[in-house]
Amino acid sequence: MSLATDDTDELARLADLVGGGNVVVLSGAGLSTESGIPDYRGADGRRRVTPMTYGEFVASAENRRRYWARSYVGWRRFAAAGPNRGHEVVAALQDAGHVRALITQNVDGLHQSAGARDVLELHGNLDRVLCLQCGDRSPRVELDARLREANPDFEVVVGEIRPDGDVVLPEDAVARFHPPRCLVCGSNQLKPDVVFFGESVPKPLVAQCFAEVEACDGLVVLGSSLQVMSGYRFVRRAAAHGIPVAIVTRGQSRGDGEATIRVDAALGATLTELAHRVGLTRYAAPSPS
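What you see as residue numbers is a count from 1 along each chain, following the sequence as written. Where local features are concerned, this predicted model is filtered to residues with pLDDT of at least 70; where side-chain atom pairs are given and counted, the filter is 80 or more; whole-chain, interface and lining totals use all residues. The side-chain numbers reported here are obtained from all heavy atoms of the structure, hydrogens and water having been left aside.

**Some thoughts on the nonpolar core**
Okay, so step 1: Grouping buried Ala, Val, Leu, Ile, Met, Phe, Trp, Tyr and Cys residues that are joined through side-chain atoms within 4.5 Å yields what is termed a nonpolar core. Burial status follows relative accessibility: with a 1.4 Å probe on protein chains alone, a residue under 20% of its type maximum counts as buried, one over 50% as exposed, and anything between as partly exposed. Ranked by size, the top nonpolar core spans 30 residues in total, and within it L14, L93, V220, L222, L271 and L274 carry the most contacts.
Okay, so step 2: The set of elements that each furnish at least two residues to this core consists of α1 (5-19), β1 (23-27), α4 (85-95), β2 (99-104), β7 (218-222), β8 (245-248), β9 (261-263) and α10 (267-277).
Okay, so step 3: Should any heavy atoms of two residues lie within 4.5 Å, those residues are considered in contact. Setting aside residues no more than four positions away along its own chain, L222 makes contact with V25, L26, S27, G28, L31, V90, V248, L267 and L271.
Okay, so step 4: Core analysis: the next-biggest nonpolar cluster, separate from the first, contains 27 residues, Y72, F78, F154 and L169 among them. Only DSSP runs of H or I reaching four residues or more are called helices, and only runs of E reaching two or more are called strands; each is numbered from the N terminus.

**Regarding the packing of helix α3 (residues 61-80) against helix α6 (residues 140-150)**
Okay, so step 1: To obtain an axis, a line is fitted to C-alpha atoms, over the contacting stretch when the element is a helix, and the angle between two such axes runs from 0 to 180 degrees between their N-to-C directions. It is at 11 Å that the axes of α3 and α6 come closest, and there the two elements cross at 110°. In terms of their interaxial angle, α3 and α6 are classed as roughly perpendicular. α3 and α6 meet at a crossing whose hand is left-handed. Counting all contacts with α3, which are made through W68, S71, Y72, W75 and R76, the residues of α6 involved are R140, L143, D144, L147 and R148. Each angle gets one of four labels, with under 35 degrees taken as roughly parallel, over 145 as roughly antiparallel, 65 to 115 as roughly perpendicular, and the rest as oblique. Left-handed is the label given to a crossing in which the near helix is rotated counterclockwise from the far helix by less than a right angle, and right-handed is the label when the rotation is clockwise.

**A look at the pattern of salt bridges**
Okay, so step 1: The term salt bridge refers to a side-chain nitrogen of Lys or Arg lying within 4 Å of a carboxyl oxygen of Asp or Glu. Counted by the stated rule, this structure contains 16 salt bridges.
Okay, so step 2: The salt bridge involving E62 is made with R65; its shortest N-O contact spans 3.3 Å. You can see E62 and its partner R65 sitting in helix α3, three residues apart, about one turn around the helix.
Okay, so step 3: On the basis of relative accessibility, which here comes to 44%, the residue E62 falls in the partly exposed class.
Okay, so step 4: The salt bridge involving E212 is made with R100; its shortest N-O contact spans 2.8 Å. Highlighted residues: E212 in helix α8 (residues 203-214) and R100 in strand β2, separated in sequence by 112 residues.

**Here we look at the sheet that holds strand β3 (residues 120-121)**
Okay, so step 1: Note on pairing: two strands pair once DSSP finds at least 2 bridges between them. One open sheet holds the six strands; their spatial order is β3-β2-β1-β7-β8-β9, and the pairing between them is parallel. The open sheet has two edge strands with one neighbour each: β3 and β9.
Okay, so step 2: The sheet contact formed by β1 and β2 spans five bridges and is parallel. Bridge pairing in β2 places S27 opposite T104.

**Overview of α10**
Okay, so step 1: Among the eleven residues of α10, eight are classified as buried, and the element is accordingly described as predominantly covered.
Okay, so step 2: Residues of α10 that are buried: L267, G268, T270, L271, T272, E273, L274 and A275.
Okay, so step 3: Two residues or fewer after α10 comes G279, characterised by a positive phi angle close to 90°.

**As for the pairing of strand β4 (residues 124-131)**
Okay, so step 1: With six of its eight residues buried, β4 lies for the most part within the structure.
Okay, so step 2: Relative to strand β6 (residues 190-194), β4 runs antiparallel, the two sharing four bridges. Bridging across to β6, V129 finds its partner in P192.
Okay, so step 3: For β4 and strand β5 (residues 137-139), the ladder comprises three bridges, and the chain directions are antiparallel. Among the inter-strand pairings, R128 is bridged to a residue of β5, identified as P139.
Okay, so step 4: Counting the residues between successive antiparallel strands, the hairpin from β4 to β5 contains five residues, one of them, G135, with a positive phi of roughly 85°.

Right under this line is the structure:
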């Protein structure tokens, strides 16, 4: 990996922070891009895609049909994604005792796939489904099997997958899709067990995350522009308590003003070098640049 001199100096400071232990990691969509899952925003921080909001989802059965048709197609590629080196390093740092808590804004479950434990999922996980009518929760794989059976000939050519696992589909394809119903109460108000735009993160979870941040010796943000308050509030809380904030992400971040350490570089290569610097011997030394 080739880093600018300033970034090399910042990486040394990051290694000192993480090597000291008791850090909280806050991850965002940028950590999963190397697994083939794009993020919501470009390097300039501007949103590239506009997902369905919670208000739109609950407003009508047709909106839910549109969501599930798109998500049904996108789920194939989303579920096939595997953890990348960045996820592996975070799990290794946790296993080595450097990370006290791992908070993620991602809904892809890749931290867990890499071996991370007790992940605090701010926005839920796409591998679960919730009935808004009766509260029943069920595995996404079971719902996917039912959708396959109900839509045996639903095959369409799609473009890029989105960060929340769906894709853009033509309206004629959506119109012929048979959406799911709850097996417990029969409602068509099934929703992935994730926090949509326009929803709030559960207050007990937010309180737990605040407590972890206040008890840590450093907050390390990985792959997030922090444009939404659900993640940015933890940066603000850390800064207010005089806790160092390190941000590693491509492009600008809303938290740059609070950052005490700032690295603008690719996550996988940066975290691999970080792992080497803090003594995780399973990772080879980076090649000379």
